Amino acid sequence: MSQSQAHDDKNVDKLDPNWRSDALNLDLDYGMQTIAVRAGQHRTDEGEHSEAIFTTSSYVYTSAADAAAHFNGDKTGNVYSRHTNPSVRTFERRLAALENGERAVATASGMGAILTMCLAYLKAGDHLLAANQLFGSSIGLFNNYMAKFGVEVSYVDCFDNDAWANAVQPNTKVIYCESPSNPLAQICDIGYLSQLCKANDILLVVDNCFATPALQRPLDLGADVVIHSATKYLDGQGRVLGGALVGSDKLMQEAFTVVRSGGISMSPFNAWVFTKGLETLKLRMQAHCQNANQVAEFLINHPNVSAVHFSGLSDHPAHELATRQHHMKGGYGAIMGFEVKPSVSLDSKAAAWHVIDSTQMVSITNNLGDAKTTITHPATTTHFRLSAKERAEAGVKDGLIRLSVGLEDVEDIIKDLTRGLDSL
């Protein structure tokens, strides 16, 4: 195209070249690992093999008419990086393909994704029905802010199907759950909840952060929207913050409008990190799960552990359900909660702190989904803002420890936990 043609107001294509179809033809039914490595990318004229990072706030148009066409919607393309960015779009396309969704919308953090969900699908007078077993910040967002703006919020036990059905109201618009949940790794029956939601014209939103699409695809099980804290396993190395929603084009357009208007946008660099993280997601989750299965068996047999909350254990009440919902054989995630018995001189909280403080390798941090094993005391960290009653309803006891099993040699993880447990 000549320079004169490029600035001809009549010559405005409907689609920017960098918005063409995915570089990987997903109609060819590629496997998950191939999608994780190759989907979503559009190579520029430079012919780069690895995905590029587009650190730009704005974009240049060929003419005033071209700019107007972008802004008024006559032309699909980049307008501003608060709206769209090529690096972010690559991550969104790849994640959507992995989750079997039509579209993904990236956000600045996992909580940003949950806030986007609330603002997109709820209004004053609506009812949000959620599981008791949620991340503390999610409960705080619902109780302190959504309720403040007129959204009614109530909670039920995630595994009690009758409780879910009995709590549905005429104004219920969203059912929200984590499966597995934080910090007890409890499992919801997503298929049942999907039927309940469809019968009552309710959106089912599932936080898939702990399982990831490597283990579970909630959309395939009937969910309408999947939520991710990409900060966790999608990155896998604890480097950057980000979140995402995945679902139908229609639902994601509503979410996109919130992100565009509210500025809850993911940065291009973070999107690039997540895109590279997705390349190894399935491989990492296989290794995480293998280690976690062994750690759980060790914990359940230790005399100073009173309970282990992990669906990979054969006697866990949700073991059969988790086996059905998780498509990776032997894959139950790598997050578990375990309760420490008090000793003669230490109450439950002090005993849990003793186990945590006795570790020499495991990282004492509230993050999870990292290659490094992490450990925390939920009652005084991730859930400390909840009232004692709210913590009790969520099953967060003073003796509870949350463990995110990493990729170190599993013998070393067990040895590190043994120090504190044996010395109680």
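Residues numbered from 1 in each chain as written. Predicted model: local features only at pLDDT ≥ 70, side-chain atom pairs only at ≥ 80, totals over all residues. Heavy atoms only, no water.

A.B. asks: Looking at this structure, I do not really get the overall build of the protein. What am I missing?
C.D. replies: Within the protein, the regular secondary structure consists of 16 helices and twelve strands. By the compact-globule yardstick of 22 Å for 424 residues, the protein fits well, its C-alpha radius of gyration being 23 Å. Dimensions of the protein, computed from the C-alpha atoms along their principal axes, are close to 85 × 50 × 35 Å. For the protein, with 424 residues in total, the buried portion stands at 55%. Intrachain contacts of the protein at a sequence separation of at least 6 include 73% that bridge at least 24 residues. For the protein, the accessible area works out to roughly 18000 Å², and carbon and sulfur atoms hold 51% of it. (Helix = DSSP H or I, 4+ residues; strand = E, 2+ residues; numbered from the N terminus. Rg over C-alpha atoms; globule rule 2.2 N^0.38 Å. Buried < 20%, exposed > 50% of the residue type's maximum accessible area, 1.4 Å probe, protein only. Contact = heavy atoms within 4.5 Å. Areas by Shrake-Rupley, 256 points an atom, 1.4 Å probe, with all protein chains shown as cover.)

A.B. asks: Would you take a moment to explain the packing of aromatic side chains for this structure?
C.D. replies: Remark: the centre distance and the inter-plane angle together describe each pair of aromatic rings, the angle taken between the planes. Per the counting criterion, the structure on display carries four aromatic pairs. A ring pair is formed by Y61 and F71, whose centres lie 6.3 Å apart and whose planes are at 70 degrees; its orientation type is edge-to-face. Residue Y61 is found in the loop between α2 (32-38) and α3 (64-72), and its partner F71 is found in helix α3; the two are separated by ten residues along the sequence. Given a relative accessible area of 59%, F71 falls into the exposed group. (Phe/Tyr/Trp six-rings, centres within 6.5 Å; stacked < 30°, edge-to-face > 60°.)

A.B. asks: Could you clarify how one ought to interpret the environment of R94 in this entry?
C.D. replies: Residue placement: R94 occurs in helix α4 (residues 86-98). It is 8.0 Å that separates the C-alpha atoms of R94 and L278, two residues lying 184 residues apart in sequence. Apart from the residues within four sequence positions on either side, R94 is in contact with I35, A36, V37, R38, A39, G40, Q41, E51, T275, L278 and E279.

A.B. asks: What am I meant to see in the sheet that holds strand β3 (residues 152-156) here?
C.D. replies: Think of a sheet as strands paired side by side through backbone hydrogen bonds, with each pair either parallel or antiparallel. If you trace the seven strands from one edge of the open sheet to the other, you get β1-β7-β6-β5-β4-β2-β3, paired in mixed fashion. Each of the sheet's edge strands pairs with one partner strand only, and the pair in question is β1 (103-107) and β3. Direction aside, neighbouring strands of the sheet carry axes that sit 20 degrees apart on average. The sheet contact formed by β1 and strand β7 (residues 243-247) spans five bridges and is antiparallel. Counterpart to A106 in the pairing with β7 is A244. Where helix α10 (residues 249-262) meets the sheet, it contacts β1, β5 (203-207), β6 (225-229) and β7, and its direction lies at approximately 20 degrees from that of β1. (Pairing = 2+ DSSP bridges. Axes fitted to C-alpha atoms, helices over the stretch in contact; angles between N-to-C directions.)

A.B. asks: What is the right way to read unusual backbone geometry from this model?
C.D. replies: What is expected of a backbone is that most residues other than glycine have negative phi and most peptide bonds are trans. A cis amide bond, omega -5 degrees, links S179 with the succeeding residue P180. Residue position: P180 is located in the loop between β4 (172-178) and α8 (190-200). Residues N182 and P183 are joined by a peptide bond in cis, for which omega reads 10 degrees. Here P183 lies in the loop between β4 and α8. Positive phi is not limited to glycine here, since A185 has a value of about 55 degrees. A positive phi is found at D201, a non-glycine position, where the angle reads about 55 degrees.

A.B. asks: Please clarify how the pattern of salt bridges should be interpreted in this entry.
C.D. replies: If charged atoms from side chains of opposite charge come close, those side chains can pair. What the rule picks out here adds up to twelve salt bridges. Residue R94 is joined to E279 by a salt bridge in which the shortest nitrogen-to-oxygen separation is 3.8 Å. Here E279 lies in helix α11 (residues 268-279) and R94 lies in helix α4, a separation of 185 residues in the sequence. Linked through salt bridges whose partners overlap, the residues forming this network are E51, R94, K276 and E279. (Salt bridge = Lys/Arg side-chain N within 4 Å of Asp/Glu carboxyl O.)

A.B. asks: Just to check I follow, could you spell out the sheet that holds strand β8 (residues 305-309) for this structure?
C.D. replies: Read across the open sheet, the five strands follow the order β8-β9-β12-β11-β10; overall the sheet is mixed. Two strands lie at the open edges of the sheet, namely β8 and β10 (363-364), each paired on one side alone. In this structure, strand β9 (residues 335-340) lies alongside strand β12 (residues 400-404), joined through five bridges in antiparallel fashion. Pairing of E339 across the sheet is with L400, part of β12. Lying over the sheet, helix α12 (residues 281-300) contacts β8, β9 and β12, oriented at roughly 10 degrees with respect to β9.

A.B. asks: Honestly, the confidence of the model for the protein in this entry has me stumped. Any pointers?
C.D. replies: Detailed reading of predicted coordinates is not advised where the pLDDT is low. Put simply, the protein has an average pLDDT of 93, and 95% of its residues get 70 or more. Overall, residues 1-11 carries pLDDT values under 50, and its contacts beyond four positions in sequence, including any with other chains, amount to eight contacts. (pLDDT = per-residue confidence, 0-100.)

A.B. asks: Teacher, can you tell me more about the pairing of β9 here?
C.D. replies: Of all the six residues making up β9, six are buried; the element is thus mostly covered by neighbouring parts of the structure. With burial as the criterion, each face of β9 is covered, one bearing I335, G337 and E339 and the other bearing M336, F338 and V340. When β8 meets β9, the two strands line up antiparallel, connected through four bridges. Within the sheet, the bridge partner assigned to V305 lies in β9 and is V340.

A.B. asks: So what exactly am I meant to see when it comes to the nonpolar core here?
C.D. replies: For soluble globular proteins, the rule of thumb is that nonpolar side chains tend to be buried together. The biggest cluster of nonpolar side chains holds 69 residues, and the ones touching the most others in it are F91, V295, L299, M336, F338, L417 and L421. With eight residues, the single largest contributor to this core is α12. Apart from the residues lying within four places of it in its own chain, the contact partners of M336 are P183, A292, V295, A296, L299, H309, F310, I401, R402, L403 and V405. If you look at the next biggest cluster of nonpolar residues, it comprises 51 residues, including L128, V153, W164 and A167. (Core = buried A, V, L, I, M, F, W, Y, C linked by side-chain atoms within 4.5 Å.)

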